[in-house]
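The chain contents come next:
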Amino acid sequence: MFAKNTLASAVAAAIGVSAVGIAQADSVFFPYAAVSDSVTTVVSVINRATDNWDQAGGSNGSHLHYRYYYKSGDAAEDQLAICEEYNEFLPTSVNDIQTIDLGGVFGADTAGVLFNDPSINNQWQQSGRDYAFGRNVAPSRGYLYVDNRDDNEDRNTLSGEAFVFEFGSGAAWGYQAHNANGFEDTGGGSDYRAAASESPSNVAIMPFNEITTAFFVTPVDFDQAPDFQNNYRARVEFVTSGRGDLYDRDENLISGTLPQDVVCVGRVDAADMLSDGTRARLIDGGWGSIWNYRVTDVNGTWTPAAYSSTASGGLEAAANRNATDDGAVVIKLEYNLGGTINGESVGGVYNNAIMLAPE
């Protein structure tokens, strides 16, 4: 892994960005959110800071800066579409918790704010602002980034949780949001490279004829809150023995995998990461090592990349995947296709997600 604290400043200098500006706040990063006719995402943001923004991003205020990076409409299903960005400064207070339905499905009459928040200390209601960031861009998938002005790298003043709720069926799964100051050897601020899932990570693959396995992939960078849009690109692929393969349930090694690229945020089905022949041989599933790393454009070819203190954009081409750094937060999702597990009847929907841990 790279030396994140020193490299953050070096990369910032290389592309002409103020390193001080990058680390000028404490932040919390929700790496995946989805909103549609049947799905919404509920986030809880906990703020312990006395140092917050004003409505214009200045000092001595009582606001947090919310930024939603998203793909909407048909682009929500396009792995390579660029994310747009929508941001607002919204009221907060010290030791506040704000629980928000990003889709505005619940709390439709309370700006997406849930659970009888009294609006006394945090005067969200008086502001007349809408906290349901995905309300007007559904269907969408994306990520949420929230920061205050606290630049003390020794404490995490922002934290949070989220759950993705398929309210039509009652299925849900959740995760704990990341805070950059929670990682060792980082510069804090908006540097979320350390949040990347360990590459490679060993993962179980369930039977394809009964359970869908998919991966939500969010590329990470030294600045997870870029201006206007996000075009960070990462690749995921199965490489277990060095040649692109997985083991079946009797320890037989089956080769034939297909790398998949994602820009900003996207869903990749495990079935799409395998050739037709490989998938047919692995109908009962098995296990494999999933790699995640950033890629960069070299003369029109997307090439494995490593973080660099000198290259433009902070990335340089790597010889191969073994010479790359971990490059994306990866969440594995599993759900059953019918009313069975292991061929046996079950009374409901099996829906589970696992955030693959950082190194």
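Residues numbered from 1 in each chain as written. Predicted model: local features only at pLDDT ≥ 70, side-chain atom pairs only at ≥ 80, totals over all residues. Heavy atoms only, no water.

> Which parts of the structure should I look at to understand the pattern of salt bridges?
Note that side chains of opposite charge can pair when their charged atoms are close. Summed over all chains, the structure comprises 14 salt bridges. The structure contains a network of salt bridges with shared partners spanning Arg233, Arg235 and Asp261. (Salt bridge = Lys/Arg side-chain N within 4 Å of Asp/Glu carboxyl O.)

> Please explain the state of the cysteines as it appears in this structure.
When the sulfur atoms of two cysteines share a covalent bond, that bond is a disulfide. One pass over the structure, following the stated rule, counts one disulfide. The disulfide partner of Cys83 is Cys264, and the S-S distance across this bridge is 2.1 Å. Since a negative S-S torsion denotes a left-handed disulfide, the Cys83-Cys264 link at about -100° is left-handed. In this pair, Cys83 sits in strand 4 (residues 83-91) while Cys264 sits in the loop between strand 15 (260-263) and strand 16 (266-269), placing the two residues 181 residues apart along the sequence. Residue classification places Cys83 among the buried residues on the basis of a relative accessible area of 1%. By relative accessible area, Cys264 is classed as buried at 0%. (Disulfide = S-S within 2.5 Å. Helix = DSSP H or I, 4+ residues; strand = E, 2+ residues; numbered from the N terminus. Buried < 20%, exposed > 50% of the residue type's maximum accessible area, 1.4 Å probe, protein only.)

> Help me out: how do you make sense of the layout of surface pockets in this one?
Empty space among the atoms becomes visible once a probe the size of a water molecule is rolled across them. In this structure, the largest pocket spans a volume of roughly 610 Å³. Tyr32, Val39, Arg141, Phe216 and Arg267 are the residues nearest the centre of the largest pocket, which is lined by 31 residues in total. Those elements that provide at least two residues to the lining of the largest pocket are strand 1 (27-35), strand 6 (140-147), strand 7 (158-166), strand 8 (171-176), strand 16 and strand 20 (328-336). (1 Å grid on protein atoms, 1.4 Å probe; cavity = no way out; pocket = protein on both sides within 12 Å on 5 of 7 lines; lining within 4 Å. Points joined across faces, edges and corners; volume = space filled by probe spheres on them.)

> How should I be thinking about the sheet that holds strand 5 (residues 96-101) in this particular structure?
Within a beta sheet, neighbouring strands are joined by backbone hydrogen bonds and run either parallel or antiparallel to one another. Judged by pairing direction, the sheet is antiparallel, and its four strands sit side by side in the order 5-2-7-8 without closing on themselves. Two strands in the sheet have a free side with no partner beyond their single neighbour: strand 5 and strand 8. Going from strand to strand, the sheet's axes swing by 15° on average, the running direction of each strand aside. When strand 2 (residues 39-47) meets strand 7, the two strands line up antiparallel, connected through nine bridges. Across the sheet, Val42 pairs through a bridge with Phe163, a residue of strand 7. (Pairing = 2+ DSSP bridges. Axes fitted to C-alpha atoms, helices over the stretch in contact; angles between N-to-C directions.)

> Quick question: what am I supposed to make of the nonpolar core here?
Generally speaking, soluble globular proteins have nonpolar side chains that are buried together. Formed by 54 residues in total, the largest nonpolar core has its most connected members in Phe30, Tyr66 and Trp173. In terms of residue count, strand 1 provides more of this core than any other element does, seven residues in total. Those residues in contact with Phe30 that lie beyond four places of it in its chain are Val43, Ser44, Val45, Tyr143, Leu144, Val146, Gly160, Glu161, Ala162, Tyr175 and Ala177. (Core = buried A, V, L, I, M, F, W, Y, C linked by side-chain atoms within 4.5 Å. Contact = heavy atoms within 4.5 Å.)

> Sorry, what's going on with the sheet that holds strand 16 here?
Read across the open sheet, the four strands follow the order 16-10-20-23; overall the sheet is antiparallel. Of all strands in the sheet, those with a lone pairing partner are strand 16 and strand 23 (351-355), marking the two edges. Across this sheet, the average inter-strand angle for adjacent strands is 25°, counted without regard to direction. One ladder, built from five bridges, connects strand 20 with strand 23; its direction is antiparallel. Each bridged residue has a counterpart across the sheet, and for Glu334 the counterpart in strand 23 is Asn352.

> Looking at this model, I keep getting lost on unusual backbone geometry. Mind explaining?
Across residues other than glycine, the phi torsion is negative in most instances, and most of the peptide bonds are trans. Here the amide bond leading from Ala138 into Pro139 is cis, since omega sits at -5°, within 30 degrees of zero. Relative to the helices and strands, Pro139 resides in the loop between helix 3 (124-127) and strand 6. For the peptide bond that leads from Ser199 to Pro200, omega is 5°, which places it in the cis range. Within the fold, Pro200 resides in the loop between strand 8 and strand 9 (201-205). The phi angle at Asn342 is positive, at roughly 60°, despite the residue not being glycine.

> What is the right way to look at the packing of aromatic side chains in this model?
Both the distance between ring centres and the angle between the ring planes are used here to describe each pair of aromatic rings. All told, the structure shown has 19 aromatic pairs when counted by the stated rule. Between the aromatic rings of Tyr66 and Tyr131, the centroid separation amounts to 6.0 Å while the plane-to-plane angle is 85°, which identifies the pairing as edge-to-face. One end of the pair, Tyr66, is in strand 3 (residues 63-72); the other, Tyr131, is in the loop between helix 3 and strand 6, with 65 residues separating them in the sequence. Each member of the pair, Tyr66 as well as Tyr131, carries the same accessibility label: buried. (Phe/Tyr/Trp six-rings, centres within 6.5 Å; stacked < 30°, edge-to-face > 60°.)

> Would you mind showing me how to read the environment of Ile205 here?
When you line up the elements, Ile205 lands in strand 9. Separated by 167 residues in sequence, Ile205 and Ser38 place their C-alpha atoms 26 Å apart. Excluding its chain neighbours within four sequence positions, the residues that come into contact with Ile205 are Thr213, Phe215, Phe238, Leu246, Arg249, Ala270, Asp284, Gly285, Gly286 and Trp287.

> Please explain the pairing of strand 1 as it appears in this structure.
Both faces of the sheet carry side chains from a regular strand, because those side chains alternate between them. By the criterion of burial, strand 1 is predominantly enclosed, with nine of the nine residues buried. In this structure, strand 1 lies alongside strand 6, joined through seven bridges in antiparallel fashion. If you follow Phe29 over to strand 6, its bridge partner there is Tyr145.

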